Amino acid sequence: MITTATILSGVAQGLIWAILTLGVYLTFRILDIADLTVEGTFPLGAAVTVVLINTGMSPAMAMLCALLVCMVLSVFAGITAPPAMAANISSTDWMETVPDETKLSNMSIPGTHDSCTQYVDMRYIFQCQDASVATQLIYGYRYLDMRLVLEQKHDQQTLVLKHSIARCKTSNSPFAGTLTLDDVLRDVSAFLGAHPTETVILCMKAENSKDDVAEIQKVLYETIDKDPERWYLKNEIPTLGEVRGKIVLATRFDDKLTVGSERCGLYFGWADQGDRTVLDDPTASSAINGRETLCVQDRYNYDTDDKISAIRTCLDNSQAAEDTFFLNFTSTSGSGKIGHPKEYAKRINLDLYDYDWQAGTAYGVVIVDFAPKKIAEKIYQTNFQPAQ
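The structure displayed is predicted, hence computed values, not measured ones.

### Overview of the side chain of threonine 199
- Checked against the element boundaries, threonine 199 lands in the loop between helix H7 (181-194) and strand E5 (200-206).
- A relative accessible area of 1% means that threonine 199 is categorised as buried.
- Within the structure, threonine 199 has its side chain in polar contact with the backbone oxygen of valine 243 (distance 3.1 Å).
- Polar contacts involving the side chain of threonine 199 include one to the main-chain carbonyl oxygen of lysine 246, which spans 2.8 Å.
- Excluding its chain neighbours within four sequence positions, the residues that come into contact with threonine 199 are Met95, Leu104, Arg142, Leu192, Leu240, Val243, Lys246 and Val248.

### Structural notes on the packing of aromatic side chains
- Scanning all chains against the criterion turns up six aromatic pairs.
- Measuring from centroid to centroid gives 5.2 Å for tryptophan 94 and tyrosine 380, while their planes differ by 5 degrees, and the two rings are stacked. Taken as a pair, tryptophan 94 in the loop between helix H4 (85-88) and strand E1 (108-112) and tyrosine 380 in helix H12 (residues 373-380) lie far apart in primary sequence, 286 residues in all.
- Owing to a relative accessible area of 1%, tyrosine 380 belongs among the buried residues under this scheme.
- Seen in terms of ring centroids, tryptophan 357 and tyrosine 363 are 5.0 Å apart; in terms of plane orientation they differ by 80 degrees. Their pairing is edge-to-face.
- By relative accessible area, tyrosine 363 is classed as buried at 2%.
- A network of ring pairs unites the aromatic residues Tyr355, Trp357 and Tyr363 as a single cluster.
- Lying across the ring of tyrosine 353, lysine 378 places its NZ or CZ 4.5 Å from the centre.

### Observations concerning a nonpolar patch on the surface
- A cluster of nonpolar residues, Met61, Leu64, Leu67, Leu68 and Met71, forms a patch on the protein surface that exposes about 470 Å² of accessible area.
- Relative to the helices and strands, methionine 71 is located in helix H3 (residues 59-80).
- Take methionine 71: its relative accessible area is 46%, and that puts it in the partly exposed class.

### Considerations on the layout of surface pockets
- Of the pockets and cavities examined, the largest pocket occupies roughly 530 Å³.
- For the largest pocket, the lining is made up of 26 residues, of which His113, Arg147, His163, Lys205 and Tyr300 are closest to its centre.
- Taken together, the residues that form the lining of the largest pocket break down as eight nonpolar, 10 polar and eight charged.

### A word on helix H8 (residues 213-224)
- Helix length check: H8, at 12 residues, gives a terminal C-alpha distance of 16 Å against a target of 16 Å (1.5 Å per residue), a fit within 8%.
- Burial analysis of H8 places nine of its 12 residues in the buried class, which makes it a mostly covered element.
- Val213, Ala214, Ile216, Gln217, Val219, Leu220, Tyr221, Thr223 and Ile224 are the residues of H8 that are buried.
- Those residues of H8 that are buried are in contact with strand E2 (143-153), strand E3 (156-163), H7, E5, strand E6 (231-232) and strand E7 (247-251).

### Notes on the pairing of E3
- For E2 and E3, the ladder comprises six bridges, and the chain directions are antiparallel. The partner of glutamate 151 across the bridge, within E3, is threonine 158.
- Between the end of E2 and the start of E3, which pair antiparallel, lie two residues, with histidine 154 showing a positive phi angle near 50 degrees.
- Inspection of the sheet shows E3 paired to strand E4 (residues 166-167) by two bridges, in the antiparallel sense. When the sheet's bridge partners are listed, lysine 162 is paired in E4 with arginine 167.
- Linking E3 back to E4 in an antiparallel pair, the connection comprises two residues, with serine 164 at a positive phi of about 60 degrees.

### Re unusual backbone geometry
- Residues other than glycine seldom take positive phi values, yet aspartate 114 does so here, at roughly 45 degrees.
- Along the chain, aspartate 114 falls in the loop between E1 and helix H5 (123-126).
- Note on aspartate 114: relative accessible area 2%, which makes it buried.
- If you check the backbone angles, phenylalanine 370 has positive phi at about 45 degrees while not being a glycine.

### Focus on the confidence of the model for the chain
- Confidence in the prediction for the chain averages 89 pLDDT; 85% of positions are at 70 or higher.
- In this model residues 28-34 is a low-confidence stretch, pLDDT under 50, and it forms 14 contacts with partners more than four residues away in sequence or in other chains.
- Throughout residues 82-87 the model reports pLDDT below 50, and contacts reaching past four residues in sequence, or to other chains, amount to 11 contacts.

### A few points about the packing of helix H10 (residues 304-316) against helix H11 (residues 341-354)
- Relative to each other, H10 and H11 sit at 30 degrees, their axes nearing to 10 Å. Judged by the angle between their axes, H10 and H11 are roughly parallel. Taken as a pair, H10 and H11 cross one another with a handedness that is right-handed. Across the interface between the two elements, Thr304, Asp305, Lys307, Ile308, Ile311, Arg312 and Leu315 of H10 pack against Tyr344, Arg347, Ile348, Asp351 and Leu352 of H11.
- Split into classes, the residues belonging to the contact of H10 with H11 amount to six nonpolar, one polar and five charged.

What counts and how
Residues numbered from 1 in each chain as written. Predicted model: local features only at pLDDT ≥ 70, side-chain atom pairs only at ≥ 80, totals over all residues. Heavy atoms only, no water. Helix = DSSP H or I, 4+ residues; strand = E, 2+ residues; numbered from the N terminus. Buried < 20%, exposed > 50% of the residue type's maximum accessible area, 1.4 Å probe, protein only. Polar contact = N/O pair within 3.5 Å; in protein donor to acceptor, adjacent residues only side chain to side chain. Contact = heavy atoms within 4.5 Å. Phe/Tyr/Trp six-rings, centres within 6.5 Å; stacked < 30°, edge-to-face > 60°. Lys NZ or Arg CZ within 6 Å of the ring centre and 35° of its normal. Patch = residues over 30% accessible without salt bridge, like charges linked within 9 Å, V, L, I, M, F, W, Y side chains within 5 Å. Areas by Shrake-Rupley, 256 points an atom, 1.4 Å probe, with all protein chains shown as cover. Salt bridge = Lys/Arg side-chain N within 4 Å of Asp/Glu carboxyl O. 1 Å grid on protein atoms, 1.4 Å probe; cavity = no way out; pocket = protein on both sides within 12 Å on 5 of 7 lines; lining within 4 Å. Points joined across faces, edges and corners; volume = space filled by probe spheres on them. Nonpolar A, V, L, I, M, F, W, Y, C, P; charged D, E, K, R; others polar. Expected span 1.5 Å × (residues − 1). Pairing = 2+ DSSP bridges. pLDDT = per-residue confidence, 0-100. Axes fitted to C-alpha atoms, helices over the stretch in contact; angles between N-to-C directions. Parallel < 35°, antiparallel > 145°, perpendicular 65-115°, else oblique. Left-handed = near helix turned anticlockwise from the far one by under 90°.

Okay, here's the thing in structure tokens:
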């Protein structure tokens, strides 16, 4: 039989657990600190209350004393706890304390694959991200994978974003417009304006093989020339100090417009890695210029187990260096006829989260599908030594 006392007891316990849940949520999700002091204060407060009541103190005064004891303990825990990397480094400004002379290639940089596919046609097959470009930047990702297609709009050529045949959209509405390069650049420029210590690598690929690459370059440079001070365009790996507050142009197509090494961007051209043959060394190298090298793992047709093995091989044997840009793609479309990137990303991202990331190690650019904030943190925190 349910009595009034039973109901009141249930409500009281529910309120207590609600407060506990709120405390855990604040420390883990809002403050982003793994601290369980809030859990420990509940039994401690109860014990102090019981002891004081047994000594003859009134229940109200005993509860007040218990509250004060728990408050003092929490302050003490906050003061004496060792500083955590996640608490000291902001995802929006994590590059701030990296020395200016550090080569961009000699860092650990979180990146996203098919960065503009939050809203995309045929999403089961083609969606690779569930956050906008603006959100990815806030999470800490600094390499964006851009798939460009020429489209005629209002009697002029425009660059829009696609993944294969699927168009990237401005929203999830069936009537949403196609996402353009200008849309993306507004978000990137706004971010860099607010966070001038950062840089963002935009890697441009001509997604439609029928498009004239020279025409893509022409439209691209018309866009760049609207705000030329925002861009780093040389085909030479820069130091971080040279590119703070700037967009670093990287291109996966040849310089058909012959703009030259001062304007063509970093040449990130590599041979297709769609072969399903599992290799002991899954990487392939190509030249950025006469002095610097690009090394890439992009085995996008491996099944999940083989892909995880390839990713880990590259993490364990990182080739990132001052003269070598290392790109390690964690994305795959699987070995079946129809891929489902979201399903594969679940396992791969769990493995990335569990990986033993080593502070002070340069892992290069690690390029992620359905990229969460926590994995970006795991990657960029390796640029720093643990707090003493």
